[in-house]
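# Examination of the molecular architecture
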Amino acid sequence: MALALQTFPTVKDANSALKAAGTRYLGGGTLVIRAANEGDVSVSSLVRSTDPALSAIAVAGGKVRIGASVTMAAIARLPDLGALAKAARAVGGPAIRNMATVGGNLFAPAPYGDFAVALLALDATISTDDGELPIETFLAKRDGSRVIVTSVSFTLPKADGFRFLKVSRVKPKGVSMLSIAAVLERAADGTVSSARIALGCMADRPIRARAAEKAIEGKTLDRDGIAPALAAATEGIAPITDPIASAWYRAEVLPVHLGRLLLT
Amino acid sequence: MAKVPVQFTLNGSEKAEFIDSGTTLLNALRDKIGDTSPKGGCHQGTCGACSVIIDGELRLSCLTLAETCNGTTITTTSGLSESGVLHPLQRAFLDTFATQCGFCTPGMIMAAKVLLDHTPNPSRDEVVEALSGNICRCTGYEPIIQAVLLAARANSQNAA
Ligand SMILES: Cc1cc2nc3c(=O)[nH]c(=O)nc-3n(C[C@H](O)[C@H](O)[C@H](O)COP(=O)(O)OP(=O)(O)OC[C@H]3O[C@@H](n4cnc5c(N)ncnc54)[C@H](O)[C@@H]3O)c2cc1C
Ligand code: FES
Ligand code: FES
């Protein structure tokens, strides 16, 4: 493996070094070192930054900011982020969770990116030294991104407002057949006043289920109420095919699992 | 390829090496330092055979660059026995026939050690979860799970 690593104390200097051809940022390394071990020679050098801000988590006044280098294990053990623990624990086995970062998960192609699915439902903001982007815009443009993600931020959902489900074949860990995250707000009469639903494995990256979101608004979370949303769930999806499941199968079972998530 | 200095504590001994930048910890441990207890199975993060403990956390040495371990404390399975006496986990793996070809064993033991360090009396489900990143092609897992539960019991009896 011919890889050289450069370490910088500041994100600014790491960003400058990242401009060189063949250079990639090193997060936890679970995908980038894996690719190098497999013989991917498109990357010849790696950069990283040890800036402590990248490893910080701040929770105040219902707002959360998570540094890009924070690992899934760190999120899963923080009581303040209890609502997100399920999504963080969905990423790989214990050793992977100790290494996998939030920043890296934003770039992970399907069937990976389970935590990014949660962040998409939370409508997170992605920060870089160049400014901030809504996560949906960020995900759409991520392949051409040449700048270090420094943090993700979002508003903590109300208690019980956030739901997450990962379906895999191998338990307790195993890659996703699909993952779904939803942030649901309800009016006093119990009907859904707003819904954001994000899907994993239903495209090459996490996507919003806009038609289902629209169909659930104003409805109650019971069998009849969710039926239109389940009927609309497959609108606009282009699931991946991999050794875990075909695109056809993923599309067939999506409404079943979305139904289970909405009824829990 | 640039050589970079790396210093860490490995199983209680200070190590200071010059390694090629980009060398994985697995290769540094096995080829440079001579600790062959972490095994290279897949080099892809999927088998867990290369698992080591870095600053108390289970990590995959095949996906970790050695130079990012500067100043850390690393434990591998070869550092577990003391004065020739096997660690309770090593003893339990032998006693329950949890080892066949033995290739997965060091990684399993590292994953189990981190579990028992934090959760001395784990449930069966907790053991299964802790070992979920480690693949064994021989034993069928049940003897391994039993070994970890046995070591936990032995530990709690010692503590009592
Ligand atoms: C065995 C195994 C099982 C896995 N299981 C799962 C799973 O169940 N669910 C899941 O979601 N993922 C899974 N993954 C994939 C991966 O571990 C995670 O997606 C992880 O979050 C990636 O983060 P990382 O820091 O390790 O990324 P890295 O490998 O360090 O980086 C991945 C990519 O993102 C870029 N990058 C990383 N951080 C930044 C940043 N701050 N700014 C800009 N670019 C950045 C890198 O340059 C690289 O291109 C698994 C991986 C393995 C090896
Ligand atoms: S060799 Fe590291 S996980 Fe298989
Ligand atoms: S004993 Fe052979 S792989 Fe586990």
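Cut-offs and rules
Residues numbered from 1 in each chain as written. Chains lettered and ligands numbered in written order. Predicted model: local features only at pLDDT ≥ 70, side-chain atom pairs only at ≥ 80, totals over all residues. Heavy atoms only, no water. Helix = DSSP H or I, 4+ residues; strand = E, 2+ residues; numbered from the N terminus. Contact = heavy atoms within 4.5 Å. Areas by Shrake-Rupley, 256 points an atom, 1.4 Å probe, with all protein chains shown as cover. Lys, Arg positive; Asp, Glu negative; His and termini not counted. Charge placed at Lys NZ, Arg CZ, Asp CG, Glu CD. Phe/Tyr/Trp six-rings, centres within 6.5 Å; stacked < 30°, edge-to-face > 60°. Buried < 20%, exposed > 50% of the residue type's maximum accessible area, 1.4 Å probe, protein only. Arc of directions from axis to C-beta. Pairing = 2+ DSSP bridges. Domains from an automatic or database assignment. Buried area = accessible area lost by both parts, 1.4 Å probe. Salt bridge = Lys/Arg side-chain N within 4 Å of Asp/Glu carboxyl O. Near = heavy atom within 4 Å. Polar contact = N/O pair within 3.5 Å; in protein donor to acceptor, adjacent residues only side chain to side chain. Nonpolar A, V, L, I, M, F, W, Y, C, P; charged D, E, K, R; others polar.

## Regarding the overall build of chain B
When helices and strands are tallied, chain B shows five helices and five strands. Each helix and strand of chain B, ordered N terminal to C terminal, gives the series β-β-α-β-β-β-α-α-α-α. Along the first, second and third principal axes, the C-alpha set of chain B runs to 50 × 35 × 25 Å. Put simply, 56% of the contacts in chain B that link residues at least 6 apart link residues at least 24 apart. Of the roughly 7200 Å² of accessible surface on chain B, 51% is carried by carbon and sulfur atoms. Side-chain charges of chain B comprise 11 positive and 15 negative groups, with the mean position of each set lying 6 Å from the other.

## Comments concerning the packing of aromatic side chains
All names here are of chain A. With the rule as written, the count across this model stands at one aromatic pair over all chains. Residues Phe-107 and Phe-138 carry aromatic rings whose centres are separated by 5.5 Å and whose planes lie at 85 degrees to one another, so their mutual orientation is edge-to-face. Of this pair, Phe-107 sits in helix α6 (residues 102-107) while Phe-138 sits in helix α8 (residues 135-141); the two residues are 31 residues apart in sequence, bridging distant segments of the chain. We classify Phe-107 as partly exposed; its relative accessible area is 33%. Residue Phe-138 is classed as buried on the basis of its relative accessible area of 4%.

## Examining helix α10 (residues 223-232) of chain A
Residues and elements named next belong to chain A. Those residues of α10 that sit buried are Gly-225, Ile-226, Ala-229 and Ala-232. Projected down its long axis, α10 carries its buried residues within an arc of 105 degrees, all on one side. Across from the buried face of α10, at angles greater than 90 degrees, the exposed residues are Arg-223, Asp-224 and Ala-231. Those residues of α10 that are buried lie in contact with α9 (210-216) and α11 (247-263).

## Some remarks on the pairing of strand β9 (residues 162-168) of chain A
A regular strand places its side chains so that they alternate between the two faces of the sheet. Residues and elements named next belong to chain A. Counting buried positions over the seven residues of β9 gives seven, a clear majority of the element. Here β9 shows no split at all, with Phe-162, Phe-164, Lys-166 and Ser-168 on one side and Arg-163, Leu-165 and Val-167 on the other all buried. In terms of strand pairing, β9 meets strand β10 (residues 176-186) through seven bridges, oriented antiparallel. Counterpart to Val-167 in the pairing with β10 is Leu-178.

## Re the domain arrangement of chain A
Residue and element names in this part refer to chain A. Entries for chain A in the domain assignment read domain 1 (4-49), domain 2 (52-155) and domain 3 (162-263). Here the C-alpha centre of domain 3 lies 20 Å away from the C-alpha centre of domain 2. Counting residues at the interface gives 25 residues for domain 2 and 26 residues for domain 3. Summing both partners gives a buried area of about 2000 Å² for domain 2 against domain 3, and 63% of it is carried by carbon and sulfur. Among the residues domain 2 hides against domain 3, the three largest losses belong to Pro-111, Val-117 and Ala-121. Together they make up 27% of the total. Across the contact surface, domain 2 and domain 3 share three salt bridges.

## Some details on the environment of Arg-260 of chain A
Residue placement: Arg-260 of chain A occurs in helix α11. The spatial distance from the C-alpha of Arg-260 of chain A to the C-alpha of Leu-165 of chain A is 9.0 Å, given a sequence separation of 95 residues.

## Considering the site of ligand 1
In the region of ligand 1, 32 residues are neighbours, and Arg-24, Tyr-25, Gly-28, Thr-30 and Thr-101 of chain A sit closest. More than one chain lines the surroundings of ligand 1; the residues nearby belong to chains A and B. Residue Asp-114 of chain A places a side-chain N or O atom 2.7 Å away from a nitrogen atom belonging to ligand 1. A distance of 2.8 Å is found between a nitrogen atom of ligand 1 and a backbone nitrogen or oxygen belonging to Val-149 of chain A. Here ligand 1, which alone exposes 980 Å², has 96% of that area covered by the protein. For the shell around ligand 1, the secondary-structure elements that each account for two or more residues are β2 (23-25), α2 (32-38) and α6 of chain A. For the shell around ligand 1, the element with the highest residue contribution is α6 of chain A, accounting for four residues. Per-class residue counts for the shell around ligand 1 are 15 nonpolar, 13 polar and four charged.

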